[in-house]
Amino acid sequence: CSAAAQHPRIFLGPDDLPRLRSMAADTQRNALGYVPAEMWSKIQAQADRFVEAKPYSYSTNMPGREAGPSKEFAYTLSDQAPPRHDDYPHYPPWTAMFQERSDSITTRLRYFVTAYVVTEDKKYFEKAKEMVLHMSAWDTIWTDPSYGGGKPCLDTGHAATWVSIFYDWCYDSLTDAERATVRTALADKAAVPIDELIESISPYHNYTAVIANGLCMAGIALLDEDERAQGWIDKAIARATLNFDAQGEDGGALEGPMYGTYAADNFADMLWALSSAGVPNELFEHPYIKSLPRYCISLLCPNDWRQMTFGDGGPTQGFARLTLALALRGDTDAAWYLEKIGQFGFESPRYFIALDPERVKSVEPTWNPSDAFVDIGYGILRDGYKRGPAFLAFKSGPPTKAVGHNHFDHNSFTINYAGQWIAWDPGYRSYFNPPKRRYTSGSIGHSTILLDLDEEYLSSEATSTVGHDQVSVTGGRISELYTSEGFDYLMGQAADTYNTTKVHVLDRFDRQIVFAKPGVFFIRDTLAAPEEHTYSFMLHTDLSGTFEIDGEDILALGSSALLQARVFSPGGVRLAAASYPGAEEYGPYVSATTEKTQATTITSVLVPRHFTRFVANPGFESGKTGWQPRNAPGFVENHVIDTDEAHSGEASARIDTGGYYYSSRFALPPGTKITARWWAKCTAKEGASSMLYYWKGGRSFANTPGPIATVNEWTQYEMTDVVPEGTESICLALQFFGEGQCWYDDVEIIADYETPQSDPAVISALGDESDGAVVDVDGVTHVLLCGEAGERRTFEAAGHEFEMDGELAVVSFGEGEPAAFLLRGSTITVDGVPVAPTDGEWKTGPVE
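*Asks:* Go over the overall build of the protein, please, and point to the residues and values.
*Replies:* In terms of helices and strands, the protein carries 16 helices and 39 strands. The globule rule puts the C-alpha radius of gyration for 848 residues at 29 Å, and the 28 Å found for the protein is close to it. Projected onto its principal axes, the C-alpha coordinates of the protein cover approximately 90 × 70 × 60 Å. Residue pairs in contact within the protein that sit at least 24 positions apart in sequence constitute 68% of those at least 6 positions apart. Entry remark: accessible area of the protein is about 31,100 Å², with carbon and sulfur atoms responsible for 47%. Of the side-chain charges in the protein, 67 are positive and 116 negative, and the distance between the mean point of each set is 6 Å.

Right, here's the structure in full:
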């Protein structure tokens, strides 16, 4: 148990207040590279904007089921609870009102109470109190009564957290009557309902984290005033322990960087609050928490400082709040990670309160970040911590743990090169649109293997189909991982994911990948089934990408990179590039399809290269490819590729009433002069706009407005700007929000900078296209040899004679002696001379 401390006690104590006020006036740059007074001025400025803003209101267009019509939901904060929406019970509008977004109830409370404790200006307190008293007057618990049967949900946990902090931080300024009102509401509308429900929720889920944090915060806030408070704290700690127990036994978050971060952020708040309130616990000692920096750093791509997310999510920079908690306890790996994702100096109330340069020290890790997290199904192949080399993320699993936000994506991969995810995963699933749901969550939308890819299959909208797709989100497994200075290797096994208890479809689907550093991937798929099938190797590129098929070469063309690929199989492969009907906005795919057979191998060679084009699909002739429209409910339908109206060619991009087209992001050095031109016409004199957005750490940190289309005839517009310091990527936004229509066409971006371009690799197959492959690239020759373990074979390739007795080998010829990787073999020779395989480490195995 714990003795109650005086208020405040959540995140900070009375002794911290002088420190914070001193920091707010500190104009010296500290050891972490930021000026506290500058950070504080931005936080206070946001609080002031909220003070001057109209009362909090929220509106959204709730999407209909199965692509049905949307319906508006609107609410302005008052003593009346938000309206019910019983005819749209599948959608949770309350969640957005309580999550900490750019503007929400909890966001405003966060800024108001932080500004109040630092400045002691009552205007912030009065604004926060007004909001909390409105909520206290609602005739419902703090959850959406039309969604989920009115049981406590994410909204309840978020509301409880910030009402608790308000009560704790503003305790001395509240009257006895106001305290009683808030105290009763916090207990009856949040803590008691959560307490009654929480043990019935799956422990691994982010839902558990959010409501457990709310329960814990309420307990700490009311510890000396409600006899139930200690029980709430104890239950929250117990649920946190169960959640940590349910994560990857060998490390990592079961729900991936996006939803795993959502849970971790809440647990970070809980750990911080327990510590500041002096509540004993052992949560920091849990293996999941201790292994988190390894997981975060391994998944962090050094080319764009983001983590790839499989399943529901997308590239992100996750777990910042929880790694901050570890960094403040002296973890140098956690501090290094935070430094790389740009969190030092981030203008956040939490960071202002928590960051302490005396306690945080960043040191680059010394361990090898190529890794496998078998229990959650993630594998990473990378060239140490270097920027520049290719980075591959692999998914096969979890073997047994079913995760609600996972997709049918076993043995799939993504590749980042030059900061671009040139081999791609479609990310967050579409929950309400059938073709988009199929493409985002089904196997067809992932770089894995499909069976019998034919017109009948393509015409279906079923997310998964027995005999074609994976039908289980569990059953894959990363069975082997080896890493060394020159080569990484892994194998995923996923045949069971295609089978059901009644239908056995596949006997074998082993995917082996050898990464010949710094930039060549050999993929070997071994497939076998009881019946004959065609097997399709699927390859996807990101939203900015397009595919070209140049003879036997596949070219995925992005904005800052291209991926050159060749696919070999005995009997040959048939290549086809397409976009999935109804889901074109997620980008194109290529299929390489074998002849019909029971068993075969597919050998693929993937070589990422430098390539730059600032605008993919500048005239919208390929639809929305290369452009990101506003996909929010109520806006999706406003974006039309108009084939009846064009400045040139056969199409233009039209916006009806409201929306935008963002170009794909591209990179240029700070200081580069950039010019953008486009043609536009608009039926309204107001509403159109344009903008160059500059991005860093996944966020737009600067923008420059451009010209406005005001006439209803095709006119060319132009803007020039200089790329600001700190920019990692850039995009152009063409927008319209008004009464009428606006068209855009023929976009051009030029820069006074010579962008890098790479010469293509030369790729060829060995033997009958099952024996291996040869790649010549950047003055180095890489040779893949395929055989049977224990069987001695000879090969002739690249002007050399090879002999080996392994299952797979790769030999690389550059400067100096050849380097080699050998799998399940004892010897490999080149021109009769033995070559010693590179020394490395089997991280997952063992391999006999």
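*Asks:* Describe the environment of Ala 577, with residues and values.
*Replies:* Here Ala 577 shows up in strand β19 (residues 573-578). For Ala 577 and Phe 352, which are 225 residues apart along the polypeptide, the C-alpha to C-alpha distance reads 50 Å. Setting aside chain neighbours within four positions, we find Ala 577 in contact with Phe 547, Ile 549, Tyr 589 and Val 590.

*Asks:* Outline the packing of aromatic side chains, listing residues and values.
*Replies:* Counted according to the given criterion, the structure contains 43 aromatic pairs. Aromatic side chains Phe 244 and Tyr 288 sit 5.5 Å apart centroid to centroid with 40° between the ring planes, which places their arrangement in the tilted category. Linking Phe 244 in helix α9 (residues 229-245) with Tyr 288 in helix α11 (residues 287-299), this pair joins segments that are 44 residues apart in sequence. Considered together, Phe 244 and Tyr 288 belong to a single accessibility category, that of buried residues.

*Asks:* So what about the pattern of salt bridges? Which residues, and what values?
*Replies:* For the structure shown, the criterion picks out 44 salt bridges. For Asp 176, the salt bridge identified is with Arg 179, shortest N-O distance 3.2 Å. Of the two residues, Asp 176 and Arg 179 both sit in helix α7 (residues 176-197), 3 residues apart, roughly one turn of that helix. A relative accessible area of 15% places Arg 179 in the buried class. One salt bridge in this structure joins Asp 269 and Arg 350, with 2.8 Å as the shortest N-O distance. Linking Asp 269 in helix α10 (residues 256-277) with Arg 350 in helix α14 (residues 349-354), this pair joins segments that are 81 residues apart in sequence.

*Asks:* Hey, could you go over the pairing of strand β35 (residues 808-813) for me, with residue numbers and the actual values?
*Replies:* Look at any regular strand and the pattern is simple: side chains alternate between the two faces of the sheet. In terms of burial, β35 is a largely internal element, 6 of the 6 residues being buried. Residue alternation in β35 divides its side chains into two sets, Leu 808, Val 810 and Ser 812 and Ala 809, Val 811 and Phe 813, and both sets are buried. In terms of strand pairing, strand β32 (residues 780-786) meets β35 through 6 bridges, oriented antiparallel. Its bridge partner being in β35, Val 783 is matched across the sheet by Val 811. Sheet topology note: the β35/strand β36 (residues 819-823) ladder contains 5 bridges and is antiparallel. From the neighbouring strand, Ala 809 faces β36, where its bridge partner is Leu 822. Here β35 hands over to β36 after 5 residues, with Gly 816 in that stretch at a positive phi of 80°.

*Asks:* Hey, could you go over a nonpolar patch on the surface for me, with residue numbers and the actual values?
*Replies:* On the surface, a nonpolar cluster with roughly 250 Å² of combined accessible area is contributed by Met 258, Tyr 428 and Tyr 431. By relative accessible area, which is 34% here, Tyr 431 ends up partly exposed.

*Asks:* Can you break down helix α4 (residues 105-119) residue by residue, with the values?
*Replies:* Along its 15 residues, α4 runs 21 Å from first to last C-alpha, staying within 8% of the 21 Å computed at 1.5 Å per residue. Taking burial as the measure, the 15 residues of α4 include 14 buried ones, the bulk of the element. Downstream of α4 by one or two residues, Glu 120 has phi in the positive range, about 65°.

*Asks:* With reference to specific residues and values, describe the side chain of Thr 106.
*Replies:* Along the chain, the position of Thr 106 falls in helix α4. Residue Thr 106 is classed as buried on the basis of its relative accessible area, which comes to 1%. A distance of 3.1 Å separates a polar atom in the side chain of Thr 106 from a polar atom in the side chain of Ser 104.

*Asks:* Outline the side chain of His 407, listing residues and values.
*Replies:* Relative to the elements of secondary structure, His 407 occurs in the loop between β7 (391-395) and β8 (412-417). At a separation of 2.7 Å, a polar atom in the side chain of His 407 contacts the side chain of Asp 312. One polar contact links the side chain of His 407 to the main-chain carbonyl oxygen of Thr 440, over a distance of 3.0 Å. Sequence-distant contacts of His 407, that is, excluding residues within four places in its chain, are made with Gly 311, Asp 312, Gly 427, Arg 429, Thr 440, Ser 441, His 446 and Val 473.

*Asks:* How would you summarise helix α2 (residues 36-52) if you had to cite specific residues and measurements?
*Replies:* Across its 17 residues, α2 extends 24 Å between first and last C-alpha, which sits within 8% of the 24 Å expected from 1.5 Å per residue. For α2, the secondary structure elements touched by its buried residues are α1 (16-24), α4, α5 (122-136) and α14.

*Asks:* Give a detailed account of the sheet that holds strand β34 (residues 800-804), specifying residues and quantitative values.
*Replies:* Taken in spatial order, the 4 strands of this open sheet run β33-β34-β37-β38, and their pairing is antiparallel. Single-partner strands in this sheet number two, and they are β33 (793-797) and β38 (833-834).

*Asks:* Lay out the environment of Glu 595 with the relevant residues and their values.
*Replies:* Turning to its location among the elements, Glu 595 is positioned in the loop between β20 (589-594) and β21 (597-610). For the pair Glu 595 and Arg 21, spaced 574 residues apart in sequence, the C-alpha separation works out to 72 Å.

*Asks:* Residues and numbers for the state of the cysteines, please.
*Replies:* Under the counting rule described, the total for this entry stands at 0 disulfides. Take Cys 682: it sits in no disulfide, and the sulfur closest to it among the cysteines is that of Cys 742, at 3.8 Å. For Cys 682, a relative accessible area of 1% gives the class buried.

*Asks:* How would you sum up the environment of Ser 362? Please name residues and give values.
*Replies:* Relative to the elements of secondary structure, Ser 362 occurs in the loop between α14 and β5 (371-373). For the pair Ser 362 and Lys 340, spaced 22 residues apart in the sequence, the C-alpha separation amounts to 9.6 Å. In contact with Ser 362, other than residues within four places in its own chain, are Thr 332, Ala 335, Trp 336 and Glu 339. Here Glu 339 takes part through its side chain, which lies 2.7 Å from a polar atom of the side chain of Ser 362.

*Asks:* Hey, could you go over the sheet that holds strand β11 (residues 477-484) for me, with residue numbers and the actual values?
*Replies:* Through backbone hydrogen bonds, the strands of a sheet pair up, either in parallel or in antiparallel fashion. Taken in spatial order, the 9 strands of this open sheet run β16-β17-β18-β21-β14-β13-β12-β11-β39, and their pairing is antiparallel. Each end of this open sheet is capped by a strand with a single partner; those strands are β16 (546-550) and β39 (840-844). This sheet shows a mean twist of 15° between the axes of neighbouring strands, independent of strand direction. Direction of pairing for β16 relative to strand β17 (residues 553-557): antiparallel, over a ladder of 5 bridges. Within the sheet, the bridge partner assigned to Asp 550 lies in β17 and is Asp 553.

Each value, and the rule that gives it
- The residue numbers shown here count from 1 along each chain, following its written sequence.
- It should be noted that, the model being predicted, local features are given only for residues of pLDDT at least 70 and side-chain atom pairs only at 80 or more, the latter also being counted only at that level, while totals for whole chains, interfaces and linings use all residues.
- Working from all heavy atoms in the structure, the side-chain values ignore hydrogens and water.
- Note on conventions: DSSP H or I runs of at least 4 residues are helices, E runs of at least 2 residues are strands, and numbering of each starts at the N terminus.
- Restricting the calculation to C-alpha atoms gives the radius of gyration, and the globule rule supplies 2.2 Å times the number of residues raised to the power 0.38.
- Should any heavy atoms of two residues lie within 4.5 Å, those residues are counted as being in contact.
- Here the Shrake-Rupley method, with its probe set to 1.4 Å, supplies the accessible areas, and only the displayed protein chains count as covering residues.
- In summary, the charge assignment counts Lys and Arg as positive and Asp and Glu as negative, without counting His or the chain termini.
- Just so you know, the charge point we use is NZ for Lys, CZ for Arg, CG for Asp and CD for Glu.
- Whether two aromatic rings pair depends on their centres lying within 6.5 Å, for rings of Phe, Tyr and Trp, where Trp uses its six-membered ring; planes under 30 degrees apart make the pair stacked, over 60 edge-to-face, and the rest tilted.
- Exposure classes here rest on a 1.4 Å probe applied to the protein chains alone. A residue is buried below 20% of its type maximum, exposed above 50%, and partly exposed in between.
- For this document, the term salt bridge refers to a Lys or Arg side-chain nitrogen within 4 Å of an Asp or Glu carboxyl oxygen.
- When DSSP finds two or more bridges between two strands, those strands count as paired.
- Patches in this entry comprise residues that are over 30% relatively accessible and not in a salt bridge; like charges within 9 Å are linked, as are nonpolar side chains (Val, Leu, Ile, Met, Phe, Trp, Tyr) within 5 Å.
- Multiply 1.5 Å by the residue count of a helix minus one, and that product is the helix's expected span.
- In the analysis that follows, any N or O atom pair within 3.5 Å is treated as a polar contact, provided that within protein one partner can donate a hydrogen and the other can accept it, and provided that, for residues neighboring in sequence, both atoms belong to side chains.
- Defined by distance alone, a disulfide is two cysteine sulfur atoms within 2.5 Å.
- Working convention: axes come from line fits to C-alpha atoms, limited for helices to the stretch in contact. Angles between N-to-C directions cover 0 to 180 degrees.

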